[in-house]
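Residue-level listing of the chains:
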Amino acid sequence: METPEIKRLALCLLLLLSFPVWSRAEAPKDAPAQLEAPAPRRPPLDATPQALEHQLQSLPWELFRTVVESEPKLKADVDAYGPLGWAYIQKKYRAHPWSRNLERLDLERRHQLATTIQTLMERAGNVPPEAAPVQSTTSGRQ
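Cut-offs and rules
Residues numbered from 1 in each chain as written. Predicted model: local features only at pLDDT ≥ 70, side-chain atom pairs only at ≥ 80, totals over all residues. Heavy atoms only, no water. Buried < 20%, exposed > 50% of the residue type's maximum accessible area, 1.4 Å probe, protein only. Helix = DSSP H or I, 4+ residues; strand = E, 2+ residues; numbered from the N terminus. Salt bridge = Lys/Arg side-chain N within 4 Å of Asp/Glu carboxyl O. Phe/Tyr/Trp six-rings, centres within 6.5 Å; stacked < 30°, edge-to-face > 60°. Lys NZ or Arg CZ within 6 Å of the ring centre and 35° of its normal.

Visitor: I would appreciate a short explanation of helix α2 (residues 49–57) in the present structure.
Guide: The buried count for α2 comes to seven of nine residues, which makes it a mostly enclosed element. Here α2 has its buried residues at P49, A51, L52, E53, Q55, L56 and Q57.

Visitor: Is there a simple way to explain the pattern of salt bridges in this structure?
Guide: Opposite charge on two side chains allows them to pair when their charged atoms are near. In the structure shown here, the tally under the stated rule is four salt bridges. The residue E69 makes a salt bridge to R65 at a minimum N-O spacing of 2.9 Å. Here E69 pairs with R65, and both are found in helix α3 (residues 61–70), just four residues apart, close to one helical turn. Under the relative-accessibility criterion, R65 is labelled partly exposed at 30%. Between R109 and E71 there is a salt bridge whose closest N-O contact spans 2.5 Å. One end of the pair, R109, is in helix α7 (residues 107–124); the other, E71, is in the loop between α3 and α4 (72–79), with 38 residues separating them in the sequence. A relative accessible area of 4% means that E71 is categorised as buried.

Visitor: Just to check I follow, could you spell out the packing of aromatic side chains for this structure?
Guide: Tallied over the full model, the rule gives five aromatic pairs. Put simply, the rings of W61, F64, W86, Y93 and W98 touch in pairs and so form one group of aromatic residues. Between the NZ or CZ atom of R65 and the centre of the ring of W86, over which it lies, the distance is 4.1 Å.

This is the structure:
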């Protein structure tokens, strides 16, 4: 006895597996080759709750709030405490354990959240923490 959810899941998996076949349409043989500049490569997105927690905690407050407000479940967790919840989070968001809240999101939502964080950081001109150059902690004096 199959449920509608299993049928939908099977259909989604079938469509997902056949996607690479659809995306490899060949160009016409007589079409001139166009030289295009390659798009800048982004590092692969890590959508694990721990990685997302690290990325969220490294954001400035304005970007952090934008990201949290873009995800309904995270926003609802903070809104449950009203204005005091947002005031508390503003003071403690860098140390607050977010991974438990992020684990409740499905994988697709976590990927969207990772994409949102990366996009906002690029727009703001911030360098993601994993791409930042390591600075020496020693002084220049000898």
